[in-house]
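One letter stands for each residue in the lines below.
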Amino acid sequence: MELGADGFEQKLPLLEELILGSDFLGLDIEFTGLRSIFPKGQQTSLFDSPAEWYLKTKQSIQQFTVCQIGLSMFSSMGRKSNKYIAHSYNFFLFPTTLGIMDSEFSFQASSILFLNQYGFDYNKFLKNGIPYMNEEQEKKIKQDLLTGNWKVRSTLDKDQMKVVIDEVTRWLEMAQEGDWMTLPDITGFQAFEVQLVLRQALPTVWTLMKDRGVLVKKVSRQYRWCLENSSRDHDDCRREKILLSARGFAVFFQMLVKAKKPLVGHNMMMDLLHLHEKFYRPLPESYEQFKLNIHSLFPVLIDTKNVTKEIWKELSFPRASNLLEVYEVLNSDLNPTKNSCPVIIHASECIKYVETKYPHEAAYDAFLCGSVLLKVAHLLLYRSTGGIKLEPTFPQYLDVLGPYVNQVNLIRACISKINFSGPDSPSSRPPTLILKVKRWPGVDEEQIYYEFKDLCKFDVRRFTRNQFLLMTNKFKDVRIVLQEYRYHPDLQVTLYRYWRHSPNINCILQISGIVTAWAFLAFILGGSPSNV
């Protein structure tokens, strides 16, 4: 089911009920871009520590925004039945523009073309996106509403507001107390702003929001005072209502946080960064603080990319390059537990997913994440017990997934996953290579990269004047390069050993050698007085 700004608030009670009744939640997010164009030498690489990777990627998160979030809520259909029902929702989002809050974000051409290829509706994103803000932005709006320090955000809105004020002012000159006028076709946040500005500028008017616009009533100053200080249950401009509308998806985000349900994604690191930045707080400078914050918000994370990557080779499954291919392999006869896997039923509001595939539509991908989780958990439970119970429960699935909980895949860094509930594990990447170059004056990292590109791809970093470090994701690339360049006359490739190749260690060893030699020489030349 698709949800935009229209009708979103009315759906919140139902959504909260579905979240609280679910066993776990599948998540997927689409963005206006993925990677900033960094200056040369500042791109993320396999040499980056997790903290270095985080600080670089943080810039991309601040530059781009979320355009669609998919959530699929999986609920067991009974303890004695291994069946689940999935309620899948697409949320189109657009940053809140209210008062002086006016966000800036970028579009990345490759990301736009990619989403357009899969039928993404940019009109729904731009024209009917659900507003959102984080806690810092909410504090600012609250302060502006409380102090009456309200400013219209853009030149266009200022011009429109001036026209409205002029029209109402002319009408007031002729109107009697109790008369009404309608300002048609003013809706959404513009209706809030019109009412706030009119009330601030004109002390003898009162305003109400109606379906087709804003009603303006001429009142006395005394009656205006009574309206402002009486019960405000029906006041369209009360702070609580404005904030609820302005917070938008952030209200739903707080429901997710409060529920503490297991959150399942696929390659979900970027999703978590955006969730923190857009709906919680601006990303902290500290990588460790980011980890603590995410673990506090979502204590149970499961990345299906990490789970499937770990077990895929063990099961001799064919290579799957994306989430849909992973899902199809697990649905095929290659999966020995295909016939005993949980039955997953689509709820009536997302019946379109029953017969048709919608890859890279956020709700569909969120559904795939949850489905892959159940199928992989079922397979792991089957292998661990040597034969599975007829009707396993979700807590049993969660137990067998224990080693993978809070381990989120990391694509380009010196480690392959981040542990959100403790210290990160040591690197499991292939060993680093060191290249010594002869008879190639002025060679740089880019030239070295292209030297190996046709054979395999390496991240390259200069080590000394004529030495470079090489890193790859693939063990086979290390074997190939060591074999192919074994007898190369100008490019000597060997495994990097810290104690052997580190300039600092070499320097210490050289100094130690010199000191030892001098001490020995002094001992020989000085001799002992008893021997003279």
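Labelled according to an unreviewed UniProt entry, the protein appears under the name Poly(A)-specific ribonuclease PNLDC1, originating from Sarcophilus harrisii. Turning to the protein, the UniProt record has this under Cofactor (unreviewed entry): "Mg(2+)". Checking UniProt for the protein, the heading Subcellular location (unreviewed entry) contains the comment "Endoplasmic reticulum membrane".

Undergrad: Can you help me understand the overall build of the protein in this one?
TA: Helix and strand counts for the protein stand at 20 helices and 16 strands. Per-residue burial for the protein yields a buried fraction of 48% across its 532 residues. Sequence separation of 24 or more characterises 72% of the internal contacts of the protein that already satisfy a separation of 6 or more. A total of about 27600 Å² of accessible surface is found on the protein, and carbon and sulfur atoms cover 53% of it.

Undergrad: Just to check I follow, could you spell out the pairing of strand E7 (residues 213-218) for this structure?
TA: In summary, the side chains of a regular strand alternate between the two faces of the sheet. Along E7, 6 of the 6 residues are buried, which leaves the element largely enclosed by surrounding structure. Both strand E5 (residues 180-184) and E7 contribute to a ladder of 5 bridges, which runs antiparallel. Its bridge partner lying in E7, tryptophan 180 is registered against lysine 217. Sheet topology places strand E6 (residues 205-210) next to E7; 6 bridges connect them, and they run antiparallel. Residue pairing for E7: tryptophan 206 is matched across the bridge by lysine 217.

Undergrad: Whenever I open this one, the pairing of strand E14 (residues 459-464) confuses me. Can you help?
TA: Inspection of the sheet shows E14 paired to strand E15 (residues 467-471) by 5 bridges, in the antiparallel sense. If you follow arginine 461 over to E15, its bridge partner there is leucine 469.

Undergrad: How do you make sense of helix H18 (residues 475-484) when you look at a structure like this?
TA: For an α-helix, the turn length of 3.6 residues means that residues three or four places apart are oriented alike. Among all positions in H18, only Asp477, Val478 and Val481 are buried. Relative to the axis of H18, the buried residues are bounded by an arc of 100° and lie together on one face. Seen from the buried face of H18, the exposed residues on the opposite side, beyond 90 degrees, are Arg479 and Gln483. In this structure, the buried residues of H18 make contact with strand E13 (433-437), helix H17 (445-453) and strand E16 (491-495).

Undergrad: Which parts of the structure should I look at to understand helix H13 (residues 304-312)?
TA: Among the residues making up H13, those that are buried are Thr304, Asn306, Val307, Thr308, Ile311 and Trp312. Residues of H13 that are buried sit in contact with strand E8 (263-265), strand E9 (301-303), helix H14 (323-330), helix H15 (362-385), strand E11 (407-409) and strand E12 (417-419). Between the side-chain oxygen of the N-cap and the backbone nitrogen of lysine 305 there are 2.9 Å, and the N-cap of H13 in question is aspartate 303.

Undergrad: How do you make sense of the environment of glutamate 177 when you look at a structure like this?
TA: Tracing the backbone through its elements, the reader meets glutamate 177 in the loop between helix H6 (155-174) and E5. Given a relative accessible area of 59%, glutamate 177 falls into the exposed group. Each C-alpha atom, one on glutamate 177 and one on lysine 217, is 7.8 Å from the other, the two residues being 40 residues apart in sequence. Excluding anything up to four places from it in sequence, glutamate 177 contacts Lys218, Val219 and Ser220.

Undergrad: So what exactly am I meant to see when it comes to unusual backbone geometry here?
TA: Generally, phi is negative for residues other than glycine and the peptide bonds are trans, each holding for most cases. Positive phi values are uncommon outside glycine, yet asparagine 267 reaches one of about 55°. Within the element layout of this structure, asparagine 267 appears in the loop between E8 and helix H11 (269-280). Here asparagine 406, not a glycine, exhibits a phi torsion of approximately 65°, which is positive. Structurally, asparagine 406 is set in the loop between helix H16 (394-400) and E11. For asparagine 406, a relative accessible area of 4% corresponds to the buried category.

Undergrad: How should I be thinking about the sheet that holds E7 in this particular structure?
TA: Strand pairing within a sheet occurs via backbone hydrogen bonds; the two strands may be parallel or antiparallel. One open sheet accounts for 3 strands, arranged E5-E7-E6; its pairing is antiparallel. Unpaired on one side and paired on the other, E5 and E6 mark the two borders of the sheet. Shown here is a sheet whose adjacent strand axes are inclined to one another by a mean of 25°, direction ignored.

Undergrad: What's the story with the nonpolar core in this structure? I'm lost.
TA: Nonpolar side chains in soluble globular proteins tend to be buried together. With 52 residues, the main nonpolar core has Phe91, Phe249 and Phe252 as its most contacted residues. Among the elements that make up this core, the one with the highest residue count is helix H10 (residues 249-259) (8 residues). Apart from residues lying up to four places away in sequence, phenylalanine 91 is in contact with Leu3, Phe8, Leu15, Cys67, Gln68, Ile69, Leu71, Ile130, Phe249 and Phe252. Of all hydrophobic cores here, the second largest spans 41 residues; its members include Leu315, Ile344, Ala347 and Tyr353.

Undergrad: Where do I start with the packing of H13 against H15 in this structure?
TA: Packed helices, taken two at a time, are described by their axes: the angle between them and the distance between them. Between H13 and H15, whose axes approach to 10 Å, the crossing angle comes to 35°. The two elements H13 and H15 cross, and the hand of that crossing is left-handed. Side by side, H13 and H15 meet where Thr304, Val307, Thr308 and Ile311 of the first sit next to Cys369, Val372, Leu373, Val376 and Leu380 of the second. Of the residues in the contact of H13 with H15, the class split is 7 nonpolar, 2 polar and no charged.

Undergrad: Can you walk me through the sheet that holds E13 in this structure?
TA: Spatial ordering of the open sheet is given by E14-E15-E13-E16, a layout of 4 strands whose pairing is antiparallel. In the strand order of this sheet, the two ends are held by E14 and E16, each with one partner. In this sheet, neighbouring strand axes are inclined to one another by 30° on average, regardless of whether the strands run parallel or antiparallel. Sheet topology note: the E13/E15 ladder contains 4 bridges and is antiparallel. Across the sheet, leucine 433 pairs through a bridge with leucine 470, a residue of E15. Here H17 sits on the sheet in contact with E13, E14, E15 and E16, set at roughly 130° to E14. Set on the sheet, H18 makes contact with E13 and E16; between it and E16 the angle comes to about 135°.

The rules behind each value
Residues numbered from 1 in each chain as written. Predicted model: local features only at pLDDT ≥ 70, side-chain atom pairs only at ≥ 80, totals over all residues. Heavy atoms only, no water. UniProt positions renumbered as here; feature names shortened; annotations may be inferred. Helix = DSSP H or I, 4+ residues; strand = E, 2+ residues; numbered from the N terminus. Buried < 20%, exposed > 50% of the residue type's maximum accessible area, 1.4 Å probe, protein only. Contact = heavy atoms within 4.5 Å. Areas by Shrake-Rupley, 256 points an atom, 1.4 Å probe, with all protein chains shown as cover. Pairing = 2+ DSSP bridges. Arc of directions from axis to C-beta. Polar contact = N/O pair within 3.5 Å; in protein donor to acceptor, adjacent residues only side chain to side chain. Axes fitted to C-alpha atoms, helices over the stretch in contact; angles between N-to-C directions. Core = buried A, V, L, I, M, F, W, Y, C linked by side-chain atoms within 4.5 Å. Left-handed = near helix turned anticlockwise from the far one by under 90°. Nonpolar A, V, L, I, M, F, W, Y, C, P; charged D, E, K, R; others polar.

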